[in-house]
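Letter by letter, the chains look like this.
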Amino acid sequence: MKGYQSYTLRNLRQIPQVKNNLSEEELFNIEVVGNILPFKANNYVVEELIDWENYREDPIFILTFPQKDMLRPGHYEEMARALRSGARKPELKLVARKIRMELNPHPAGQLAHNVPSIEDVKLTGVQHKYRETMLFFPSQGQTCHAYCTFCFRWPQFVGMNELKFAMRDTELIIRYLRANPQITDLLFTGGDPLIMKTKILHNYIEALIEARLPNLRTIRFGTKALSYWPQRFVTDEDADELLALFERAQKAGIHIAFMAHFNHPNELQTEMVAEAIQRVRNTGAVIRTQSPIMRNINDNAEDWANMWQKQVDLGCVPYYMFIARDTGAQHYFAVKLERAWRIFRQAYQKVSGIARTVRGPSMSAGPGKVQILGVSEVAGEKVFVLQFLQGRNPDWVARPFFAQYDPNAIWLDGLYPAFGKKKFFFEHEYPIIRRPGPVAKPVSQQRVSV
Ligand SMILES: *Cc1c(COP(=O)(O)O)cnc(C)c1O
Ligand code: SF4
(Lines give C-alpha, C1' and ligand atoms only; values in the text may rest on other atoms or scores of the structure.)
(Ligands and ions follow the chains in the order given, each with its own letter.)
Protein backbone atom coordinates (compact mmCIF):
# COMPACT_ATOMS: atom_id res chain seq x y z
CA MET A 1 0.00 0.00 0.00
CA LYS A 2 1.14 3.53 -0.78
CA GLY A 3 1.87 6.13 1.83
CA TYR A 4 -0.64 7.98 3.94
CA GLN A 5 -3.21 9.98 2.00
CA SER A 6 -5.58 12.08 4.06
CA TYR A 7 -9.06 12.97 2.81
CA THR A 8 -11.18 15.91 3.95
CA LEU A 9 -14.01 17.92 2.38
CA ARG A 10 -11.39 19.79 0.36
CA ASN A 11 -10.36 16.73 -1.68
CA LEU A 12 -13.55 14.68 -1.25
CA ARG A 13 -14.32 14.81 -4.96
CA GLN A 14 -10.85 13.53 -5.83
CA ILE A 15 -11.19 10.25 -3.92
CA PRO A 16 -11.37 7.74 -6.81
CA GLN A 17 -13.98 5.47 -5.17
CA VAL A 18 -16.12 8.48 -4.29
CA LYS A 19 -15.85 10.01 -7.75
CA ASN A 20 -16.72 6.71 -9.41
CA ASN A 21 -19.69 5.74 -7.27
CA LEU A 22 -21.46 8.68 -5.65
CA SER A 23 -24.14 10.79 -7.33
CA GLU A 24 -23.94 14.57 -7.32
CA GLU A 25 -26.71 14.60 -4.72
CA GLU A 26 -24.82 12.24 -2.44
CA LEU A 27 -21.69 14.35 -2.75
CA PHE A 28 -23.67 17.45 -1.88
CA ASN A 29 -25.17 15.73 1.18
CA ILE A 30 -21.69 14.91 2.46
CA GLU A 31 -20.69 18.52 1.96
CA VAL A 32 -23.74 19.82 3.81
CA VAL A 33 -23.23 17.59 6.84
CA GLY A 34 -19.43 17.78 6.62
CA ASN A 35 -19.58 21.54 7.04
CA ILE A 36 -21.07 21.00 10.50
CA LEU A 37 -19.73 17.68 11.75
CA PRO A 38 -16.08 16.88 11.03
CA PHE A 39 -15.06 14.67 8.11
CA LYS A 40 -11.71 13.00 7.67
CA ALA A 41 -10.76 9.69 6.09
CA ASN A 42 -7.66 8.14 4.55
CA ASN A 43 -6.62 5.79 1.77
CA TYR A 44 -6.50 2.70 4.03
CA VAL A 45 -10.06 3.24 5.28
CA VAL A 46 -11.31 3.94 1.75
CA GLU A 47 -9.46 1.13 -0.02
CA GLU A 48 -9.39 -1.65 2.56
CA LEU A 49 -12.35 -1.21 4.90
CA ILE A 50 -15.25 0.01 2.75
CA ASP A 51 -17.09 -2.21 0.30
CA TRP A 52 -17.83 0.20 -2.54
CA GLU A 53 -20.13 -2.28 -4.30
CA ASN A 54 -22.49 -1.74 -1.42
CA TYR A 55 -21.37 1.52 0.10
CA ARG A 56 -24.81 2.85 1.04
CA GLU A 57 -25.23 0.12 3.65
CA ASP A 58 -21.56 -0.31 4.40
CA PRO A 59 -20.94 0.16 8.14
CA ILE A 60 -17.50 1.71 7.68
CA PHE A 61 -18.79 4.10 5.02
CA ILE A 62 -21.49 5.23 7.47
CA LEU A 63 -18.90 5.35 10.23
CA THR A 64 -16.61 7.73 8.36
CA PHE A 65 -18.64 9.57 5.68
CA PRO A 66 -21.26 12.03 6.95
CA GLN A 67 -24.82 10.93 6.15
CA LYS A 68 -27.70 13.25 5.33
CA ASP A 69 -29.91 11.98 8.14
CA MET A 70 -27.29 12.77 10.76
CA LEU A 71 -28.74 16.27 10.67
CA ARG A 72 -32.34 17.02 11.48
CA PRO A 73 -34.19 18.32 8.40
CA GLY A 74 -34.21 21.93 9.63
CA HIS A 75 -30.46 21.96 10.19
CA TYR A 76 -29.83 20.20 6.91
CA GLU A 77 -31.89 22.77 4.98
CA GLU A 78 -30.19 25.68 6.68
CA MET A 79 -26.73 24.58 5.62
CA ALA A 80 -27.90 23.34 2.19
CA ARG A 81 -29.41 26.76 1.49
CA ALA A 82 -26.20 28.52 2.47
CA LEU A 83 -24.14 26.25 0.20
CA ARG A 84 -26.55 26.53 -2.74
CA SER A 85 -26.52 30.31 -2.49
CA GLY A 86 -22.76 30.25 -2.90
CA ALA A 87 -22.09 31.63 0.58
CA ARG A 88 -18.47 32.29 1.36
CA LYS A 89 -16.35 30.78 4.11
CA PRO A 90 -17.07 33.30 6.92
CA GLU A 91 -20.80 33.04 6.33
CA LEU A 92 -20.71 29.22 6.23
CA LYS A 93 -18.79 29.29 9.49
CA LEU A 94 -21.50 31.36 11.16
CA VAL A 95 -24.23 29.00 9.99
CA ALA A 96 -22.17 26.00 11.11
CA ARG A 97 -21.51 27.51 14.50
CA LYS A 98 -25.15 28.24 15.15
CA ILE A 99 -26.19 24.70 14.25
CA ARG A 100 -23.37 23.12 16.26
CA MET A 101 -24.50 24.97 19.36
CA GLU A 102 -27.87 23.25 18.97
CA LEU A 103 -26.25 19.79 18.91
CA ASN A 104 -25.34 19.67 22.63
CA PRO A 105 -21.63 20.01 21.91
CA HIS A 106 -20.53 19.53 25.51
CA PRO A 107 -22.69 16.81 27.05
CA ALA A 108 -22.69 16.92 30.84
CA GLY A 109 -19.84 19.48 30.79
CA GLN A 110 -17.82 16.36 30.69
CA LEU A 111 -14.36 17.81 30.40
CA ALA A 112 -14.54 21.02 32.40
CA HIS A 113 -15.98 19.30 35.49
CA ASN A 114 -13.14 16.95 36.17
CA VAL A 115 -10.04 19.09 35.68
CA PRO A 116 -7.78 18.75 38.73
CA SER A 117 -5.23 21.21 40.13
CA ILE A 118 -1.91 20.86 41.86
CA GLU A 119 -0.56 23.66 44.01
CA ASP A 120 -3.18 25.95 42.49
CA VAL A 121 -2.07 25.22 38.93
CA LYS A 122 -4.96 23.92 36.82
CA LEU A 123 -4.01 20.81 34.91
CA THR A 124 -5.79 21.64 31.68
CA GLY A 125 -5.33 18.58 29.52
CA VAL A 126 -6.01 16.26 32.44
CA GLN A 127 -9.25 14.72 33.61
CA HIS A 128 -9.50 12.81 36.86
CA LYS A 129 -12.93 11.38 37.54
CA TYR A 130 -12.43 7.83 38.79
CA ARG A 131 -10.06 7.21 41.68
CA GLU A 132 -7.56 4.88 40.04
CA THR A 133 -7.36 6.34 36.56
CA MET A 134 -6.18 9.69 35.30
CA LEU A 135 -6.86 10.79 31.73
CA PHE A 136 -4.27 12.79 29.86
CA PHE A 137 -4.98 14.63 26.59
CA PRO A 138 -1.55 15.38 25.12
CA SER A 139 -1.84 18.47 22.96
CA GLN A 140 -0.26 16.78 19.91
CA GLY A 141 -2.67 13.86 20.09
CA GLN A 142 -5.96 15.69 19.63
CA THR A 143 -6.76 14.52 16.12
CA CYS A 144 -7.29 11.07 14.56
CA HIS A 145 -6.32 9.09 11.45
CA ALA A 146 -9.98 9.39 10.39
CA TYR A 147 -13.04 10.73 12.18
CA CYS A 148 -15.97 8.61 13.31
CA THR A 149 -19.28 10.22 12.46
CA PHE A 150 -20.68 9.33 15.89
CA CYS A 151 -17.79 10.74 17.89
CA PHE A 152 -18.72 12.68 21.03
CA ARG A 153 -15.41 14.52 20.78
CA TRP A 154 -16.50 16.11 17.51
CA PRO A 155 -16.51 19.70 18.89
CA GLN A 156 -12.75 19.64 19.38
CA PHE A 157 -12.17 18.62 15.77
CA VAL A 158 -14.10 21.65 14.54
CA GLY A 159 -12.32 24.07 16.88
CA MET A 160 -14.92 24.23 19.67
CA ASN A 161 -12.63 23.17 22.49
CA GLU A 162 -14.21 23.13 25.89
CA LEU A 163 -10.76 22.62 27.23
CA LYS A 164 -7.52 24.05 25.94
CA PHE A 165 -5.08 21.22 25.63
CA ALA A 166 -2.17 23.31 26.75
CA MET A 167 -0.21 20.78 28.69
CA ARG A 168 2.97 19.87 26.90
CA ASP A 169 5.36 18.88 29.62
CA THR A 170 5.13 15.85 31.83
CA GLU A 171 6.53 17.51 34.91
CA LEU A 172 3.16 18.56 36.31
CA ILE A 173 1.63 15.20 35.56
CA ILE A 174 4.38 13.42 37.40
CA ARG A 175 3.90 15.73 40.37
CA TYR A 176 0.18 15.05 40.34
CA LEU A 177 0.75 11.29 40.17
CA ARG A 178 3.17 11.52 43.08
CA ALA A 179 0.70 13.52 45.14
CA ASN A 180 -2.12 11.05 44.39
CA PRO A 181 -0.85 7.56 45.18
CA GLN A 182 -4.32 6.10 44.65
CA ILE A 183 -3.84 6.55 40.88
CA THR A 184 -2.54 3.37 39.27
CA ASP A 185 -3.46 4.02 35.64
CA LEU A 186 -2.53 6.87 33.34
CA LEU A 187 -4.67 6.86 30.21
CA PHE A 188 -3.41 8.74 27.17
CA THR A 189 -6.42 9.79 25.15
CA GLY A 190 -7.54 12.25 22.51
CA GLY A 191 -8.36 12.33 19.67
CA ASP A 192 -5.99 9.47 19.18
CA PRO A 193 -2.71 9.73 21.10
CA LEU A 194 -1.09 7.24 18.72
CA ILE A 195 -1.30 9.80 15.95
CA MET A 196 1.73 11.33 17.68
CA LYS A 197 5.16 10.61 16.31
CA THR A 198 7.18 8.15 18.37
CA LYS A 199 9.69 10.87 19.20
CA ILE A 200 7.02 12.88 21.05
CA LEU A 201 5.53 9.83 22.75
CA HIS A 202 9.04 8.82 23.73
CA ASN A 203 9.50 12.05 25.71
CA TYR A 204 6.34 11.43 27.70
CA ILE A 205 6.89 7.73 28.36
CA GLU A 206 10.58 8.01 29.09
CA ALA A 207 9.95 10.72 31.70
CA LEU A 208 7.30 8.53 33.33
CA ILE A 209 9.62 5.52 33.43
CA GLU A 210 12.44 7.59 34.88
CA ALA A 211 10.20 9.07 37.56
CA ARG A 212 9.85 5.55 39.03
CA LEU A 213 6.45 6.24 40.49
CA PRO A 214 5.59 3.27 42.70
CA ASN A 215 1.86 3.78 42.14
CA LEU A 216 1.97 3.94 38.33
CA ARG A 217 1.16 0.38 37.22
CA THR A 218 -0.39 0.84 33.82
CA ILE A 219 -0.09 3.24 30.93
CA ARG A 220 -3.11 2.98 28.69
CA PHE A 221 -3.65 4.30 25.18
CA GLY A 222 -7.21 4.99 24.03
CA THR A 223 -6.70 4.52 20.30
CA LYS A 224 -8.34 3.70 17.01
CA ALA A 225 -5.05 3.52 15.11
CA LEU A 226 -5.25 -0.29 14.82
CA SER A 227 -8.43 0.15 12.85
CA TYR A 228 -7.85 3.35 10.88
CA TRP A 229 -4.10 3.14 10.26
CA PRO A 230 -2.53 -0.17 11.38
CA GLN A 231 0.54 0.82 9.38
CA ARG A 232 1.38 2.88 12.47
CA PHE A 233 2.68 -0.35 14.01
CA VAL A 234 4.02 -2.05 10.88
CA THR A 235 5.37 0.11 8.07
CA ASP A 236 5.46 3.70 9.35
CA GLU A 237 9.05 4.83 9.59
CA ASP A 238 8.89 5.10 13.39
CA ALA A 239 6.81 1.94 13.94
CA ASP A 240 9.69 -0.17 15.26
CA GLU A 241 10.76 2.55 17.66
CA LEU A 242 7.22 2.77 18.99
CA LEU A 243 7.16 -0.96 19.69
CA ALA A 244 10.58 -0.73 21.33
CA LEU A 245 9.19 2.00 23.59
CA PHE A 246 6.31 -0.24 24.70
CA GLU A 247 8.80 -2.97 25.43
CA ARG A 248 10.95 -0.66 27.51
CA ALA A 249 7.99 0.39 29.64
CA GLN A 250 7.03 -3.25 30.14
CA LYS A 251 10.60 -4.09 31.23
CA ALA A 252 10.49 -1.21 33.69
CA GLY A 253 7.41 -2.81 35.26
CA ILE A 254 4.75 -0.60 33.69
CA HIS A 255 2.02 -2.50 31.94
CA ILE A 256 1.07 -1.12 28.51
CA ALA A 257 -2.64 -1.46 27.78
CA PHE A 258 -4.39 -0.54 24.54
CA MET A 259 -8.01 0.54 24.86
CA ALA A 260 -8.62 -0.14 21.19
CA HIS A 261 -11.71 1.13 19.41
CA PHE A 262 -13.28 -1.31 16.97
CA ASN A 263 -16.88 -0.75 15.94
CA HIS A 264 -17.42 -3.54 13.45
CA PRO A 265 -15.90 -6.93 12.55
CA ASN A 266 -14.99 -5.57 9.11
CA GLU A 267 -12.22 -3.55 10.75
CA LEU A 268 -10.53 -6.78 11.82
CA GLN A 269 -10.26 -8.52 8.48
CA THR A 270 -7.21 -7.07 6.77
CA GLU A 271 -3.74 -8.63 6.88
CA MET A 272 -2.40 -5.27 8.00
CA VAL A 273 -4.52 -5.14 11.16
CA ALA A 274 -3.66 -8.76 12.04
CA GLU A 275 0.02 -8.00 11.67
CA ALA A 276 -0.26 -4.78 13.67
CA ILE A 277 -2.03 -6.59 16.53
CA GLN A 278 0.59 -9.32 16.52
CA ARG A 279 3.43 -6.82 16.64
CA VAL A 280 1.86 -4.87 19.52
CA ARG A 281 1.22 -8.07 21.45
CA ASN A 282 4.82 -9.18 20.91
CA THR A 283 5.92 -6.24 23.06
CA GLY A 284 3.99 -7.63 26.03
CA ALA A 285 1.23 -5.04 25.69
CA VAL A 286 -2.37 -6.21 26.06
CA ILE A 287 -5.08 -4.98 23.69
CA ARG A 288 -8.53 -4.49 25.21
CA THR A 289 -11.37 -3.45 22.94
CA GLN A 290 -14.38 -1.19 23.23
CA SER A 291 -17.14 0.35 21.13
CA PRO A 292 -20.49 2.02 21.40
CA ILE A 293 -23.54 0.27 20.01
CA MET A 294 -25.00 2.35 17.18
CA ARG A 295 -27.97 2.15 14.89
CA ASN A 296 -26.97 1.97 11.22
CA ILE A 297 -23.53 0.57 12.12
CA ASN A 298 -23.54 -2.34 14.56
CA ASP A 299 -27.01 -2.69 16.12
CA ASN A 300 -27.29 -6.44 15.76
CA ALA A 301 -26.07 -9.39 17.81
CA GLU A 302 -24.29 -11.16 14.93
CA ASP A 303 -21.89 -8.29 14.35
CA TRP A 304 -21.03 -8.07 18.03
CA ALA A 305 -20.55 -11.81 18.46
CA ASN A 306 -18.42 -11.94 15.31
CA MET A 307 -16.42 -8.94 16.41
CA TRP A 308 -15.69 -10.33 19.89
CA GLN A 309 -14.82 -13.75 18.46
CA LYS A 310 -12.49 -12.24 15.89
CA GLN A 311 -10.86 -10.12 18.57
CA VAL A 312 -10.25 -13.20 20.70
CA ASP A 313 -8.85 -15.03 17.64
CA LEU A 314 -6.35 -12.21 17.24
CA GLY A 315 -5.43 -12.20 20.93
CA CYS A 316 -7.41 -9.13 22.05
CA VAL A 317 -9.63 -8.91 25.14
CA PRO A 318 -13.22 -7.63 24.66
CA TYR A 319 -13.77 -4.97 27.35
CA TYR A 320 -16.70 -2.54 27.00
CA MET A 321 -19.91 -2.03 25.01
CA PHE A 322 -21.09 1.57 25.40
CA ILE A 323 -24.36 3.38 24.74
CA ALA A 324 -24.07 6.28 22.23
CA ARG A 325 -23.79 9.64 24.00
CA ASP A 326 -26.32 12.44 23.85
CA THR A 327 -24.44 14.71 21.48
CA GLY A 328 -24.03 15.43 17.78
CA ALA A 329 -26.06 13.03 15.65
CA GLN A 330 -27.40 10.96 18.56
CA HIS A 331 -30.89 10.75 17.01
CA TYR A 332 -29.31 8.91 14.07
CA PHE A 333 -27.21 6.49 16.11
CA ALA A 334 -29.20 6.07 19.32
CA VAL A 335 -30.23 2.55 20.31
CA LYS A 336 -32.79 2.36 23.10
CA LEU A 337 -31.49 1.03 26.39
CA GLU A 338 -33.69 -2.04 26.37
CA ARG A 339 -32.73 -2.93 22.80
CA ALA A 340 -29.03 -2.42 23.54
CA TRP A 341 -29.33 -4.83 26.45
CA ARG A 342 -31.13 -7.42 24.29
CA ILE A 343 -28.46 -7.22 21.62
CA PHE A 344 -25.72 -7.45 24.23
CA ARG A 345 -27.33 -10.48 25.79
CA GLN A 346 -27.86 -12.28 22.48
CA ALA A 347 -24.29 -11.63 21.40
CA TYR A 348 -22.91 -12.62 24.80
CA GLN A 349 -24.77 -15.91 24.59
CA LYS A 350 -23.23 -16.68 21.21
CA VAL A 351 -19.60 -16.61 22.38
CA SER A 352 -17.69 -18.77 24.82
CA GLY A 353 -16.57 -17.59 28.22
CA ILE A 354 -13.26 -16.45 26.73
CA ALA A 355 -15.03 -13.51 25.04
CA ARG A 356 -17.33 -12.78 27.99
CA THR A 357 -14.76 -10.48 29.49
CA VAL A 358 -16.83 -7.74 27.87
CA ARG A 359 -19.13 -5.61 30.05
CA GLY A 360 -22.07 -3.54 29.00
CA PRO A 361 -24.11 -1.99 27.70
CA SER A 362 -22.84 0.95 29.70
CA MET A 363 -23.55 4.68 29.77
CA SER A 364 -20.67 7.03 30.57
CA ALA A 365 -22.81 9.56 32.41
CA GLY A 366 -22.10 12.31 34.93
CA PRO A 367 -22.20 10.09 38.04
CA GLY A 368 -20.27 7.22 36.44
CA LYS A 369 -20.38 4.30 34.05
CA VAL A 370 -23.83 2.78 34.49
CA GLN A 371 -24.40 -0.74 33.19
CA ILE A 372 -27.81 -2.04 32.19
CA LEU A 373 -27.94 -5.45 33.80
CA GLY A 374 -31.37 -6.12 32.37
CA VAL A 375 -35.12 -5.77 32.56
CA SER A 376 -36.83 -7.58 35.39
CA GLU A 377 -39.92 -7.55 37.56
CA VAL A 378 -39.70 -6.86 41.28
CA ALA A 379 -42.76 -6.87 43.51
CA GLY A 380 -45.03 -6.53 40.49
CA GLU A 381 -43.18 -3.56 39.01
CA LYS A 382 -41.28 -3.84 35.75
CA VAL A 383 -37.85 -2.33 36.23
CA PHE A 384 -34.41 -1.80 34.76
CA VAL A 385 -31.71 -3.34 36.91
CA LEU A 386 -28.59 -1.19 36.83
CA GLN A 387 -25.19 -0.96 38.44
CA PHE A 388 -22.15 1.28 38.37
CA LEU A 389 -19.07 -0.14 36.69
CA GLN A 390 -17.27 3.07 37.63
CA GLY A 391 -18.50 5.71 40.01
CA ARG A 392 -17.56 9.23 40.90
CA ASN A 393 -17.74 7.77 44.38
CA PRO A 394 -16.04 4.33 44.32
CA ASP A 395 -18.49 3.11 46.95
CA TRP A 396 -21.31 3.20 44.38
CA VAL A 397 -19.69 0.51 42.24
CA ALA A 398 -21.28 -2.94 41.87
CA ARG A 399 -24.41 -2.10 43.89
CA PRO A 400 -27.54 -3.09 41.96
CA PHE A 401 -30.22 -0.38 41.76
CA PHE A 402 -33.55 -0.05 40.01
CA ALA A 403 -35.21 2.33 37.59
CA GLN A 404 -38.76 2.36 36.29
CA TYR A 405 -38.99 0.40 33.07
CA ASP A 406 -39.32 2.69 30.05
CA PRO A 407 -39.13 1.02 26.63
CA ASN A 408 -38.14 4.33 25.00
CA ALA A 409 -35.39 5.42 27.36
CA ILE A 410 -32.08 6.15 25.65
CA TRP A 411 -30.02 7.70 28.46
CA LEU A 412 -29.71 7.90 32.21
CA ASP A 413 -31.39 11.32 32.43
CA GLY A 414 -34.55 9.72 31.04
CA LEU A 415 -34.71 7.17 33.84
CA TYR A 416 -36.62 7.51 37.11
CA PRO A 417 -36.19 5.53 40.33
CA ALA A 418 -38.45 2.52 40.75
CA PHE A 419 -40.77 1.74 43.67
CA GLY A 420 -42.01 5.32 44.04
CA LYS A 421 -38.65 6.62 45.27
CA LYS A 422 -37.84 10.26 44.51
CA LYS A 423 -34.14 9.78 43.96
CA PHE A 424 -31.60 7.13 43.07
CA PHE A 425 -29.37 6.21 46.00
CA PHE A 426 -26.44 8.22 44.67
CA GLU A 427 -28.41 11.38 43.88
CA HIS A 428 -27.95 12.81 47.34
CA GLU A 429 -24.32 13.27 46.34
CA TYR A 430 -24.73 13.77 42.60
CA PRO A 431 -28.15 14.73 41.24
CA ILE A 432 -29.04 13.81 37.68
CA ILE A 433 -30.17 16.81 35.68
CA ARG A 434 -33.23 15.61 33.80
CA ARG A 435 -34.20 17.34 30.60
CA PRO A 436 -37.83 17.50 29.55
CA GLY A 437 -38.48 15.50 26.41
CA PRO A 438 -40.54 12.65 25.04
CA VAL A 439 -38.72 10.21 27.28
CA ALA A 440 -39.08 12.08 30.56
CA LYS A 441 -42.22 11.34 32.51
CA PRO A 442 -42.94 12.32 36.10
CA VAL A 443 -42.85 9.48 38.57
CA SER A 444 -46.51 9.82 39.48
CA GLN A 445 -47.72 9.20 35.92
CA GLN A 446 -45.40 6.36 35.25
CA ARG A 447 -45.54 4.25 38.35
CA VAL A 448 -46.96 0.84 37.84
CA SER A 449 -49.37 0.01 40.62
CA VAL A 450 -48.72 -3.19 42.50
C1 LIG B 1 -14.04 4.85 31.24
C2 LIG B 1 -13.26 5.87 31.94
C3 LIG B 1 -12.10 5.56 32.63
C4 LIG B 1 -11.54 4.15 32.70
O5 LIG B 1 -12.42 3.26 33.34
P6 LIG B 1 -12.10 1.71 33.43
O7 LIG B 1 -13.36 1.08 33.86
O8 LIG B 1 -11.00 1.57 34.44
O9 LIG B 1 -11.64 1.27 32.09
C10 LIG B 1 -11.43 6.57 33.31
N11 LIG B 1 -11.88 7.84 33.29
C12 LIG B 1 -13.01 8.19 32.63
C13 LIG B 1 -13.46 9.60 32.66
C14 LIG B 1 -13.73 7.22 31.92
O15 LIG B 1 -14.85 7.57 31.29
S1 SF4 C 1 -11.04 7.65 16.59
FE2 SF4 C 1 -11.98 8.00 18.63
S3 SF4 C 1 -11.64 10.18 19.10
FE4 SF4 C 1 -11.24 9.87 16.89
S5 SF4 C 1 -13.18 10.32 15.88
FE6 SF4 C 1 -13.20 8.12 16.26
S7 SF4 C 1 -14.20 7.85 18.27
FE8 SF4 C 1 -13.62 10.02 18.06
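Residues numbered from 1 in each chain as written. Chains lettered and ligands numbered in written order. Predicted model: local features only at pLDDT ≥ 70, side-chain atom pairs only at ≥ 80, totals over all residues. Heavy atoms only, no water.

Description of unusual backbone geometry
G190 connects to G191 through a cis peptide bond whose omega is 15°. Residue position: G191 is located in the loop between β7 (185–188) and α9 (198–211). Between G360 and the following residue, P361, the backbone shows a cis peptide bond with an omega angle of -15°. Looking at where P361 falls in the secondary structure, it is placed in strand β12 (residues 359–364). Of note in the backbone geometry, D120 takes a positive phi value of approximately 70° without being a glycine. Tracing the sequence through the fold places D120 in the loop between β3 (117–118) and β4 (121–122). (Helix = DSSP H or I, 4+ residues; strand = E, 2+ residues; numbered from the N terminus.)

A word on the nonpolar core
If you look at the biggest cluster of nonpolar residues, it comprises 142 residues, and the most contacted ones within it are F65, F221, F233, F258, F384 and L415. Formed jointly, this core draws a minimum of three residues from each of two domains, domain 1 (6–101) and domain 2 (109–323). Core analysis: the second largest hydrophobic core is formed by eight residues, L135, L187, Y320 and L389 among them. (Core = buried A, V, L, I, M, F, W, Y, C linked by side-chain atoms within 4.5 Å. Buried < 20%, exposed > 50% of the residue type's maximum accessible area, 1.4 Å probe, protein only. Domains from an automatic or database assignment.)

Details of the side chain of T198
Position of T198 among the secondary structure elements: in helix α9. Setting aside chain neighbours within four positions, we find T198 in contact with R232, D238, E241 and L242. (Contact = heavy atoms within 4.5 Å.)

So, the domain arrangement of the chain
Taken as a whole, the chain is organised into domain 1 (6–101) and domain 2 (109–323). For domain 1 versus domain 2, the distance between C-alpha centres works out to 27 Å. Each side of the interface is counted separately: domain 1 has 24 residues, and domain 2 has 28 residues. Counting each side, the surface lost to burial between domain 1 and domain 2 is near 2100 Å², with a carbon and sulfur contribution of 68%. Among the residues domain 1 hides against domain 2, the three largest losses belong to K40, Y44 and L63. Together they make up 34% of the total. (Buried area = accessible area lost by both parts, 1.4 Å probe.)

Looking at the sheet that holds β12
Strand order across the open sheet formed by 11 strands is β5-β6-β7-β8-β9-β10-β11-β12-β13-β14-β15, with mixed pairing between neighbours. Looking at which strands have only one partner, the edges of the open sheet turn out to be β5 (126–130) and β15 (401–404). The sheet shows a mean angle of 30° between the axes of neighbouring strands, direction not considered. Relative to β15, strand β14 (residues 381–391) runs antiparallel, the two sharing four bridges. If you follow L386 over to β15, its bridge partner there is F401. Against the sheet, helix α11 (residues 239–251) engages β8 (218–223) and β9 (255–261), with an angle of about 130° to β9. (Pairing = 2+ DSSP bridges. Axes fitted to C-alpha atoms, helices over the stretch in contact; angles between N-to-C directions.)

Concerning the packing of helix α5 (residues 73–84) against helix α6 (residues 89–101)
Where α5 meets α6, the axes come as close as 10 Å, and the angle between the chain directions of the two elements is 175°. When the axis of α5 is compared with that of α6, the two are roughly antiparallel. In this structure, α5 contributes H75, E78, M79, A82 and L83 to the contact, and α6 contributes L92, V95, A96, K98 and I99. Broken down by class, the residue content of the contact of α5 with α6 amounts to seven nonpolar, one polar and two charged. (Parallel < 35°, antiparallel > 145°, perpendicular 65-115°, else oblique. Nonpolar A, V, L, I, M, F, W, Y, C, P; charged D, E, K, R; others polar.)

A few points about the pairing of β7
Of the two faces of β7, the one lined by D185 and L187 and the one lined by L186 and F188 are each fully buried. Here four bridges tie strand β6 (residues 133–136) to β7, and the two strands are oriented parallel to one another. Note that in β7 the partner of L135 across the bridge is L187. As paired strands, β7 and β8 are joined by four bridges and run parallel to one another. Paired with D185 across the two strands is T218, which belongs to β8.

Section: the environment of E381
With respect to the helices and strands, E381 occurs in strand β14. Separated by 61 residues in sequence, E381 and Y320 place their C-alpha atoms 29 Å apart.

A word on the confidence of the model for the chain
Chain-level statistics for the chain give a pLDDT mean of 92 and a share of 93% at 70 or above. Contacts of residues 438–450 to residues separated by more than four positions or lying in other chains number 23 contacts, the stretch itself having pLDDT below 50. (pLDDT = per-residue confidence, 0-100.)

Focus on the packing of aromatic side chains
Taken as a whole, this structure holds 35 aromatic pairs when the rule is applied. Taking the centre distance of 6.2 Å and the plane angle of 70° together, the rings of F221 and F258 count as edge-to-face. Here the residue F221 occupies a position in strand β8, and F258 occupies one in strand β9, the gap between them amounting to 37 residues. Across this residue pair, the class does not change: F221 and F258 are buried. (Phe/Tyr/Trp six-rings, centres within 6.5 Å; stacked < 30°, edge-to-face > 60°.)

Things to note about the environment of Q182
As for its placement among the helices and strands, Q182 is situated in the loop between α8 (171–179) and β7. Q182 sits in the partly exposed class, given a relative accessible area of 32%. In contact with Q182, not counting residues within four places along its chain, are H128, R131 and E132.

What about the pattern of salt bridges?
Side-chain pairs of opposite charge can arise whenever the charged atoms involved come near each other. In total, this model carries 19 salt bridges according to the counting rule given. Between K98 and E102 there is a salt bridge, with its nearest N and O atoms 3.4 Å apart. Note that K251 and E247 form a salt bridge whose closest N and O atoms lie 3.8 Å from each other. Remark: E247 and K251 occur in helix α11; sequence separation between them is four residues, near one turn of the helix. Take K251: its relative accessible area is 71%, and that puts it in the exposed class. For E247, a relative accessible area of 33% corresponds to the partly exposed category. Residues joined in a network through salt bridges with shared partners are R13, E24 and E31. (Salt bridge = Lys/Arg side-chain N within 4 Å of Asp/Glu carboxyl O.)

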